[in-house]
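Here's the letter readout for the chains.
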Amino acid sequence: MTTTRSAERLLDTATVLEAIRQAILVGELNPGQRLVETELSARFCASRGTVREVLVLLENEGLAAREANRGAWVRPVSKAEAIEITEARAALEGVCAAHAAARITAAQRQELKDLGTAMREAVKRGDVMTYSQISQDVHLRIREISGQSTASELVNRLRYRSVRYQFGVALLPGRPSVGLKEHLAVIKAVTSGDPEVAERTMREHLLSVIDAIAQLPDTLPALPQRL
């Protein structure tokens, strides 16, 4: 006996969550767009029960909103909220940078320096998308090195909500060069092994990002699919 969609082909909750999350982050699903269970079930090869569970999780992450008798939709994030998110990130990632500086190994120092070199090359050739991705990699690697799992989890949830603004910042004229200088300073501070300097430098970097976000328009274009 054959079926059009067997139980083995249905995707699990974690996989569907990541797929819909990425669709929101890259603009395949736009702010304010309705999230219809039947449509998402067909698109992502998942049961309606799984999709319903995912929508609850996305609401918890701040990426979706739900209301009785209205269903769910992609939750818009205002520029003011993006600034608040980045202020919170500055505190959390400052703590992570301090802990990373205190426990970093020689191999991890080289890894961060290699990321800095790759970022420098991306900026030199004008590759904004690669620059933006390496920026995320630097922050992620520092959080991983820090061993601060609670702070890292909080930062990830905050970052999901503001990623469109992060890429908007990278597109500002001259911002990649400024960002390169700041990231290299963060890498130098963390690899120096001085927790106080590392925390201060990371905070200063993210405060600079806040100033850049303030320059962005209130409505942002969709992100490129590669990001």
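See the structure printed just above.
Student: So, the sheet that holds strand 3 (residues 71–74): which residues are in play, and what are the values?
Tutor: In a beta sheet, neighbouring strands pair by backbone hydrogen bonds and run either parallel or antiparallel. As summarised here, the arrangement of the three strands in space is 1-3-2, forming an open sheet in which the pairing is antiparallel. Edge positions in the open sheet fall to strand 1 (34–35) and strand 2 (64–67), since each of these has one partner strand only. Strand direction decides the pairing type here: strand 2 and strand 3, joined by four bridges, are antiparallel. Bridge assignment links alanine 65 to a residue of strand 3, and that residue is tryptophan 73. The sheet contacts of helix 3 (residues 48–61) involve strand 1, strand 2 and strand 3, and relative to strand 2 the element is tilted by about 115°.

Student: Which residues make up the pattern of salt bridges, and what values do they have?
Tutor: All told, the structure shown has 16 salt bridges when counted by the stated rule. Note that glutamate 37 and arginine 48 form a salt bridge whose closest N and O atoms lie 3.2 Å from each other. A residue pair is termed long-range when its members are at least 10 positions apart, and glutamate 37 in helix 2 (residues 37–43) and arginine 48 in helix 3 qualify at 11 residues. For glutamate 37, a relative accessible area of 18% translates into the label buried. A cluster of three or more residues bridged by salt bridges with shared partners is formed by Glu18, Arg21 and Glu61.

About the criteria used
- Residues numbered from 1 in each chain as written.
- Predicted model: local features only at pLDDT ≥ 70, side-chain atom pairs only at ≥ 80, totals over all residues.
- Heavy atoms only, no water.
- Pairing = 2+ DSSP bridges.
- Helix = DSSP H or I, 4+ residues; strand = E, 2+ residues; numbered from the N terminus.
- Contact = heavy atoms within 4.5 Å.
- Axes fitted to C-alpha atoms, helices over the stretch in contact; angles between N-to-C directions.
- Salt bridge = Lys/Arg side-chain N within 4 Å of Asp/Glu carboxyl O.
- Buried < 20%, exposed > 50% of the residue type's maximum accessible area, 1.4 Å probe, protein only.

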